[in-house]
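# Coordinate inspection notes
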Amino acid sequence: MEKFTTHTGRVLPLRRSNVDTDQIIPAVYLKRISRDGFEDGLFAAWRNDPDFALNRPEHQGATVLVAGPEFGIGSSREHAVWALQNYGFRVVVSPRFADIFRGNSLKGGLLTIELPVGVVERLWAVAEADPTTDVIVDLQAREIRFAGETVPFELDDYARWRLLEGLDDVGLTLRHTDIIAEFEAARPAWMPKTVTR
Amino acid sequence: MAAEQTQRTLAEKVWNAHVVRRVDGEPDLLFIDLHLVHEVTSPQAFDGLRSAGRPVHRPDLTLATEDHNVPTLDIDLPIADPVSRIQVEALRKNCAEFDVPLFPLGSTEQGIVHVVGPQLGVTQPGMTIVCGDSHTSTHGAFGALAFGIGTSEVEHVLATQTLPLKPFKTMAITVEGELPADVTAKDLILAVIAEIGTGGGQGYVLEYRGSAIEKLSIEARMTICNMSIEAGARAGMIAPDATTYEYLRGRPHAPIGADWDAALAWWSSLPTDPGAAFDREVVVDASSLQPFVTWGTNPGQGLPLSASVPDPAQIADPAERSAAERALEYMDLVPGTPLSQIRVDTVFLGSCTNGRIEDLRSAAAVLQGRKVVDGVRMLVVPGSVRVRLEAEAEGLDQIFTAAGAEWRHAGCSMCLGMNPDQLAPGERSASTSNRNFEGRQGKGGRTHLVSPQVAAATAVTGRLTSPSDLTDAAIGASSNA
Ligand code: SF4
């Protein structure tokens, strides 16, 4: 997993609430056997609309998705996180995320930040007035900075540490290979193996 | 799972024996004894390993089989559906690259992942077992802690043979008394799910116990543990006993000699200590149970076969009422219709719930000397190649085909309709599988979950039928039901 310290990027204003994982990526796009390529399915149902923010030329290259409340509700598919990352997003901002989506995203290195509705609206306004406005997301300081504003956000120490270190759960567990090896050495030899004796 | 507590439940003992690392404020890191893999939920996990340059840490504790979308006919031909073929080919490539043992289509050990593990004897008491499949709970029948995981977790286990987990709560489901004739493990678990609801087990490991459970065979115990997930539970478990050890003795991967004795000593220490506390307890009277079938679109919407389709207007809870209304609309059922009058087009005997040899035997016993009624197709899909071969050695295939049923090759088949075995829109099945969700067996298909015996009797009459109601008169009545 890529380390996340500070990210500077432009905002994609998504003025919608209750964006569920079926909208983020519909089930027909789940058949791929790789973890990449899901960008094609991102918000697929809305992509036909030329006015959909993702289609607007002025918002191309945006990396910070700012959406309304209850983002990521619905099924637990991890493909929703992969689709956002595959498309190029590093950060999603919303007043409130669904639990499972938030868990999946922080596990996978997509930073999800909860900010008050007022801040979300100011971010939308700024991005629409001047789409080239940069937002600085500073995980070290746990704050975002844009258009002269500095807004703090909350993230628990454990999740923040994992992101700063760029550690997915696998990377984290691999720090304990010595204790795993010890545990393995103490396992009874008769425990079954799948390779034939 | 307080540390000072000295009496422990089965689940707690297995959990505690697998803690690699415990630190306050962090999840426990659990060692995983067996990781089962299949074609649908593993490709991204292997991909993750590849891009990080990581090996599979313990290929010798990992086992892959092809089951979810393999065909059950013409298995010597290339898989016709390109998506299924790509998934199966990806599994073969990944297993070769990462040295993971694989039982591909055509191997005598191939079959549904939850049938294969137990029959090989790699599923043993006191183990931790995971698979990227929710019905991993099946293996709890041996007193193992077995549960389904997501794709990221599959990758985590492949890379480290461990999982970070927060402890589950424990629930005792105590079943006392004698199961009446014709009442099976399937009826019992359907009744339990109807009782506690599809969310009733959320966050829990269920331990089934009591005299009725102790009398059950291992295969029947697997049927029960298999469906724990339909009550929302993470896992189901049954304490190992003489029945368990008898089943395991002599299996290809079971310990032998001094190893057997050492294993037995550990296994016998596993049952829940007298007085150990569960977070919740449910008591069921076995003698009150009847053959049970579902009428709705989730496994909790079930009733005794002798009952009638419920009237949503009489359900007090508004959420349940509207769920029942939607279910009846989808199922095209009228309140008040006796369940035993519901006609089906298809009977599916198989799946990891009821695709083992005992299931086939009990269905064959009902079908012997009888015919599948005109207009009904019956698919018999053994859970594994071994089950298929064993059934053929006993002549069960002859009974099925003589009755007019189709004798298929092993796989998940119509349990989830990922392969060509599907219901057409509007078709109705009596199915021994575990999920009656909308479209589960094919878009627009309608599913009634039943036991193998009820499945067989239903094939004979064409309507949901208990074997004890199988008289010549009942068969004759099928045409005007
Ligand atoms: S038989 Fe059905 S429930 Fe069992 S593993 Fe296969 S698809 Fe899943």
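The paragraphs below set out a description of the structure included in this document.

Reading the values: the criteria
- Residues numbered from 1 in each chain as written.
- Chains lettered and ligands numbered in written order.
- Predicted model: local features only at pLDDT ≥ 70, side-chain atom pairs only at ≥ 80, totals over all residues.
- Heavy atoms only, no water.
- Helix = DSSP H or I, 4+ residues; strand = E, 2+ residues; numbered from the N terminus.
- Rg over C-alpha atoms; globule rule 2.2 N^0.38 Å.
- Contact = heavy atoms within 4.5 Å.
- Areas by Shrake-Rupley, 256 points an atom, 1.4 Å probe, with all protein chains shown as cover.
- Lys, Arg positive; Asp, Glu negative; His and termini not counted.
- Charge placed at Lys NZ, Arg CZ, Asp CG, Glu CD.
- Pairing = 2+ DSSP bridges.
- Phe/Tyr/Trp six-rings, centres within 6.5 Å; stacked < 30°, edge-to-face > 60°.
- Buried < 20%, exposed > 50% of the residue type's maximum accessible area, 1.4 Å probe, protein only.
- Lys NZ or Arg CZ within 6 Å of the ring centre and 35° of its normal.
- Polar contact = N/O pair within 3.5 Å; in protein donor to acceptor, adjacent residues only side chain to side chain.
- Buried area = accessible area lost by both parts, 1.4 Å probe.
- Salt bridge = Lys/Arg side-chain N within 4 Å of Asp/Glu carboxyl O.
- Nonpolar A, V, L, I, M, F, W, Y, C, P; charged D, E, K, R; others polar.
- Near = heavy atom within 4 Å.
- Expected span 1.5 Å × (residues − 1).
- Arc of directions from axis to C-beta.
- Axes fitted to C-alpha atoms, helices over the stretch in contact; angles between N-to-C directions.
- Parallel < 35°, antiparallel > 145°, perpendicular 65-115°, else oblique.
- Left-handed = near helix turned anticlockwise from the far one by under 90°.

## Looking at the overall build of chain B
A count of helices and strands for chain B gives 17 helices and 19 strands. Relative to a compact globule of 481 residues, whose C-alpha radius of gyration would be 23 Å, chain B shows 22 Å and is just as compact. Here the analysis covers contacts within chain B between residues at least 6 apart in sequence; of these, 75% occur between residues at least 24 apart. Accessible surface, chain B: about 16500 Å² in total, of which carbon and sulfur atoms supply 51%. Charge separation in chain B, taken as the distance between the mean sites of 37 positive and 58 negative side-chain charges, equals 2 Å.

## Points about the sheet that holds strand 4 (residues 62-65) of chain B
Residue and element names in this part refer to chain B. Strand order in this open sheet of five strands is 5-4-3-6-7, and the pairing throughout is parallel. Either end of the sheet is taken by a strand with one partner, and the two such strands are strand 5 (102-103) and strand 7 (145-148). Pairing geometry for strand 6 (residues 128-131) and strand 7, over four bridges, is parallel. Bridge pairing in strand 7 places T128 opposite L145.

## Re the packing of aromatic side chains
For the structure shown, the criterion picks out 18 aromatic pairs over all chains. For the pair F400 of chain B and W407 of chain B, a centre-to-centre distance of 5.9 Å together with 10 degrees between the ring planes defines the contact as stacked. Taking the relative accessible area as the measure of exposure, F400 of chain B reaches 0% and is therefore buried. Judged by relative accessible area, which is 14%, W407 of chain B ranks as buried. Site record: aromatic cluster; members linked through ring pairs are W190 of chain A together with Y245, W260 and W267 of chain B. Across the ring face of W46 of chain A, the terminal group of R16 of chain A is positioned such that the distance to the ring centre comes to 3.8 Å.

## Looking at the side chain of T162 of chain B
With respect to the secondary-structure elements, T162 of chain B resides in strand 8 (residues 162-165). Only 2.8 Å separates the side chain of T162 of chain B from the side chain of T160 of chain B, close enough to count as a polar contact. The contact partners of T162 of chain B, leaving out residues within four places of it in the chain, are T173 and I180 of chain A together with V20, L29, L30, F31, I32, H156 and V157 of chain B.

## Considering the interface of chain B and chain A
On the side of chain A, 31 residues touch chain B, which itself brings 50 residues to the contact. Of the roughly 3400 Å² buried where chain B meets chain A, counting both sides, 61% is carbon and sulfur surface. Contact with chain A buries surface across chain B, with Q44, D60 and H253 of chain B losing the most and accounting together for 17% of the total. At the junction of chain B with chain A, the criterion picks out three salt bridges. Among the salt bridges present, the one from R54 of chain B reaches D168 of chain A, with a minimum N-O distance of 3.9 Å. In this assembly, chain B and chain A are joined by 11 residue pairs in polar contact (both at pLDDT 80 or more). Sorting the residues of the side of chain B that touches chain A by element identifies strand 1 (19-21), strand 2 (28-31), helix 2 (43-52), strand 4, helix 3 (82-98), helix 5 (151-160), strand 8 and helix 10 (258-268) of chain B as the ones contributing at least two each. With seven residues, the single largest contributor to the side of chain B that touches chain A is helix 5 of chain B. For the side of chain B that touches chain A, the residue count by class is 26 nonpolar, 14 polar and 10 charged.

## Thoughts on the site of the ligand
The immediate surroundings of the ligand are formed by H68, I112, H114, D133, H135, S351, C352, C412, C415, L416, N434 and R440 of chain B. Classifying every residue of the shell around the ligand by side-chain character gives five nonpolar, five polar and two charged.

## Describing helix 16 (residues 452-461) of chain B
One full turn of an α-helix is made of 3.6 residues, so residues set three or four places apart face in the same direction. Residues and elements named next belong to chain B. Of all 10 residues that make up helix 16, 10 are buried, and the element is covered over most of its length. Here helix 16 has its buried residues at P452, Q453, V454, A455, A456, A457, T458, A459, V460 and T461. One or two positions beyond helix 16, positive phi appears at G462, with a value near 85 degrees.

## Regarding unusual backbone geometry
Generally, phi is negative for residues other than glycine and the peptide bonds are trans, each holding for most cases. Residue and element names in this part refer to chain B. You will see that D74, though not glycine, has its phi angle at about 50 degrees, which is positive. Within the secondary structure layout, D74 lies in the loop between strand 4 and helix 3. Non-glycine residue D182 carries a positive phi angle of around 75 degrees. Positionally, D182 belongs in the loop between strand 9 (169-176) and helix 6 (185-196). Of the residues examined, D182 reaches a relative accessible area of 25% and is grouped as partly exposed.

## Examining the environment of A127 of chain A
All names here are of chain A. For A127, the location among the structural elements is in helix 4 (residues 117-129). It is 5.8 Å that separates the C-alpha atoms of A127 and V11, two residues lying 116 residues apart in sequence. Residues in contact with A127, not counting those within four places in the same chain, are V11, P13 and H59.

## A look at helix 3 of chain B
Residue and element names in this part refer to chain B. Under the 1.5 Å per step criterion, the end-to-end length of helix 3 is 24 Å for 17 residues, consistent within 8% with the ideal 24 Å. Restricting attention to buried positions, one finds in helix 3 the residues S84, Q87, V88, A90, L91, N94, C95 and F98. One side of helix 3 carries all its buried residues, which in axial view fall inside an arc of 155 degrees. Exposed side chains of helix 3 directed beyond 90 degrees from the buried face belong to K93 and A96. Of the surrounding secondary structure, the elements contacted by the buried residues of helix 3 are strand 3 (34-37), helix 2, strand 4 and strand 5.

## Things to note about the packing of helix 13 (residues 357-367) of chain B against helix 15 (residues 396-403) of chain B
The packing of two helices is summarised by the inter-axis angle and the distance between the axes. Residues and elements named next belong to chain B. For the pair helix 13 and helix 15, interaxial distance at closest approach is 9 Å and the crossing angle is 45 degrees. The pairing of helix 13 with helix 15 is recorded here as oblique in orientation. As helix 13 runs across helix 15, the sense of the crossing is left-handed. Side by side, helix 13 and helix 15 meet where I357, L360, R361, A363, A364 and L367 of the first sit next to L396, I399, F400 and A403 of the second. In the contact of helix 13 with helix 15, the residues fall into nine nonpolar, no polar and one charged.

## Things to note about the sheet that holds strand 10 (residues 204-209) of chain B
All names here are of chain B. Strand order in this open sheet of four strands is 11-10-9-12, and the pairing throughout is parallel. The sheet terminates laterally at strand 11 (235-237) and strand 12 (280-285), the two strands that pair on one side only. In this sheet, adjacent strand axes meet at a mean angle of 20 degrees when their direction is disregarded. Of the strand pairs in this sheet, strand 9 and strand 12 are connected by six bridges, and their pairing is parallel. Across the sheet, residue A172 finds its bridge partner in strand 12, namely E281.

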